[in-house]
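Coordinate inspection notes
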Amino acid sequence: MEKIICGIQQVGIGVSDAVQAWRWYRETLGFDTKIFAAEGVAEKMLPYTGGKPQPRFAILAYNLRGGAGFEIWEPKGRDLNYVSFKPMLGDLGIWACKVKSCDIDKAWTGLKEKGVKICGNISRKPDGKRHFFIYDPYGNLFEIEEDNYVFINEKKYTGGGNGAIIGVSDMDRSIRFYSTLTDYDNIVYDKTGIFEDFSDIPGGGFAVRRVLLTRSKPIEGPLCEIMGTSCIELVQRLPEGFDIPVPKKIYEGRFWGDPGFIHLCFDIRNMDAVRHAALSLGHDFVCDGGRDFKMGEADGHFTYVEDPDGTLIEFVETFKIPIMKKWGIYLHINPKNPKKKLPRILTKALRFLKNSK
């Protein structure tokens with residue numbers, strides 16, 4: 001059985017108020033399609049929740065222009081543990097979430113008019129693409145970057161998620177992990193230095209090695225056209241100079257679900273093959289939700305591994321998505337050919353979930 005990585009499904013974001021946060025992501029970045037909103041207890045994440053089940057509320061939202069979603073998590077019944085320091089470039093973990101933009105100039109102007117905190121001006125990445133950084137109201141950093149992928153041609157200047165910037169301690173080891181396990185094996189650039197396009201973000205004056213990874217394979221799988229193409233940018237801070245701080249783990253000492261970027265999630269088919277690939281790298285599943293897991297009206301099988309620096313990577317094999325649950329209409333995903341894209345007449349039915357309150 002072949003491992004099939006369909007794309008980046010979502011980025012997990014811990015917040016203190018999921019409904020309030022979704023309102024901001026919906027009105028500001030266009031994530032207006034709610035797949036589910038569900039209360040429950042995280043019973044399968046005990047290694048990351050203090051050894052006991054923790055209640056939570058979660059919303060999964062997409063921007064149907066195309067791209068990954070945001071899974072917005074609100075822990076319940078406990079005090080939240082906020083990061084105790086200001087994360088800087090090269091700190092270990094998910095450092096920024098990437099968001100697609102079909103018109104970077106309109107995006108910069110539109111977000112500025114909405115009062116969004118923008119870090120500097122538009123600049124160019126080493127591959128020539130233009131981008132800029134913003135903060136959400138909760139202190140999370142987002143990279144808005146040029147990307148013309150489109151699933152549904154909605155009139156928005158931002159699309160869905162486009163991956164993440166992840167701080168690592170050993171670049172070559174991390175390249176092997178992400179290339180082998182997640183199939184992001186194409187090195188777009190591998191550059192070392194102090195980068196002008198990072199100059200307006202915390203730690204932007206540090207010397208770093210940065211590597212941008214994409215897939216050499218075309219997108220594939222039932223839901224791949226919703227998520228589209230994406231990338232992973234790895235950043236390693238280099239110990240040049242006596243005043244360069246040692247990179248810190250952004251999530252160290254905190255629970256899964258605490259504020260910040262929790263995980264990077266991949267949509268997959270054939271979970272057993274994914275586990276075999278993870279084992280071959282020495283990264284067995286650290287959590288396994290089982291095939292009968294339900295998140296609200298959605299249904300699937302989730303697992304987690306840690307990357308070489310302990311960053312949580314999630315894999316989800318989706319079986320069912322609600323479309324019009326009031327009438328019992330669901331999108332069932334059990335194709336005979338797991339690489340084949342579902343017909344667009346089915347995937348575009350997600351528009352019925354748009355602007356849900």
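Quick summary incoming for the structure in this document. Being a predicted model, the structure only gives us computed values, none of them experimental.

What counts, and where the lines are drawn
- Residues numbered from 1 in each chain as written.
- Predicted model: local features only at pLDDT ≥ 70, side-chain atom pairs only at ≥ 80, totals over all residues.
- Heavy atoms only, no water.
- Helix = DSSP H or I, 4+ residues; strand = E, 2+ residues; numbered from the N terminus.
- Salt bridge = Lys/Arg side-chain N within 4 Å of Asp/Glu carboxyl O.
- Buried < 20%, exposed > 50% of the residue type's maximum accessible area, 1.4 Å probe, protein only.
- Polar contact = N/O pair within 3.5 Å; in protein donor to acceptor, adjacent residues only side chain to side chain.
- Contact = heavy atoms within 4.5 Å.
- Pairing = 2+ DSSP bridges.
- Disulfide = S-S within 2.5 Å.
- Core = buried A, V, L, I, M, F, W, Y, C linked by side-chain atoms within 4.5 Å.
- Axes fitted to C-alpha atoms, helices over the stretch in contact; angles between N-to-C directions.

Moving on, we get to unusual backbone geometry. Here the phi dihedral of Asp 183 falls at roughly 70°; this positive angle occurs in a residue that is not glycine. Turning to its location among the elements, Asp 183 is positioned in the loop between helix H3 (171-181) and strand E10 (186-193). The backbone phi angle of Asn 270 is positive, close to 70°, even though this residue is not glycine. On the secondary structure map, Asn 270 appears in the loop between strand E13 (260-269) and helix H5 (271-280).

Between side chains of opposite charge, a pair can form when the charged atoms approach closely. With the rule as written, the count across this model stands at 25 salt bridges. The salt bridge involving Lys 98 is made with Glu 143; its shortest N-O contact spans 2.8 Å. With Lys 98 in strand E5 (residues 93-101) and Glu 143 in strand E8 (residues 141-146), the pair connects residues that are 45 residues apart, well separated along the chain. Residue Lys 98 shares its accessibility class with Glu 143, and that shared class is buried. The partner of Lys 341 in a salt bridge is Glu 225, with the nearest N and O atoms 4.0 Å apart.

Once that is clear, we can look at the environment of Phe 36. In this structure, Phe 36 sits in strand E2 (residues 33-42). Using a relative accessible area of 8% as the deciding quantity, one classes Phe 36 as buried. Separated by 144 residues in the primary sequence, Phe 36 and Thr 180 place their C-alpha atoms 31 Å from one another.

As a further point, take the side chain of Thr 318. With respect to the secondary-structure elements, Thr 318 resides in strand E17 (residues 312-324). A relative accessible area of 9% means that Thr 318 is categorised as buried. Within the local environment of Thr 318, its side chain forms a polar contact with the side chain of Gln 9, the two groups lying 3.5 Å apart. Apart from residues no more than four positions distant in its own chain, Thr 318 is found in contact with Gln 9, Leu 223, Asp 267, Arg 269, Asp 299, Gly 300 and Ile 333.

Counting buried positions over the 7 residues of strand E11 (residues 208-214) gives 7, a clear majority of the element. Along E11, one buried face is formed by Val 208, Arg 210, Leu 212 and Thr 214 and the opposite face, lined by Arg 209, Val 211 and Leu 213, is buried too. As paired strands, E10 and E11 are joined by 7 bridges and run antiparallel to one another. The residue of E11 that forms the bridge with Ile 187 is Leu 213. Examined bridge by bridge, E11 and strand E12 (residues 231-237) share 6 bridges and lie antiparallel to one another. Residue pairing across strands places Val 208 opposite Arg 237, the latter belonging to E12.

Time to look at the state of the cysteines. Cysteine pairs can be covalently joined through their sulfur atoms, and such a bond is termed a disulfide. Inspection of every chain in the model, using the stated rule, returns 0 disulfides. You can see Cys 265 has no disulfide; the closest cysteine sulfur is in Cys 6, sitting 11 Å from it. Summary of cysteine pairing: Cys 287 is not part of a disulfide, and the nearest cysteine sulfur, belonging to Cys 265, is at 13 Å. On the basis of relative accessible area, Cys 287 is assigned to the buried category, the value being 3%.

Time to look at the nonpolar core. Counting 56 residues, the largest nonpolar core has Tyr 25, Phe 70, Leu 264, Phe 266 and Phe 315 as the members making the most contacts within it. A total of 6 residues in this core trace back to one element, the largest contributor, which is helix H1 (residues 18-29). Once you skip the residues sitting within four places of it in the chain, Leu 264 turns out to touch Ile 8, Gln 10, Val 11, Ile 94, Ala 164, Ile 166, Ile 232, Leu 312, Ile 313 and Glu 314. Ranked by size, the runner-up nonpolar core spans 38 residues in total, among them Cys 6, Tyr 149, Leu 331 and Leu 353.

Turning our attention to the sheet that holds E10. A sheet is described by the order of its strands in space; here 8 strands give the open sequence E6-E7-E8-E5-E9-E12-E11-E10, paired in mixed fashion. Edge positions in the sheet fall to strand E6 (117-124) and E10, since each has one partner strand and no second. Geometrically, the sheet is characterised by an average inter-axis angle of 20° between neighbouring strands, direction not taken into account. Relative to strand E7 (residues 130-135), E6 is paired through 5 bridges, and the arrangement is antiparallel. Paired with Cys 119 across the strands is Phe 133, a residue of E7. Against the sheet, H3 touches strand E9 (161-167), E10, E11 and E12, its axis set at about 10° to E11.

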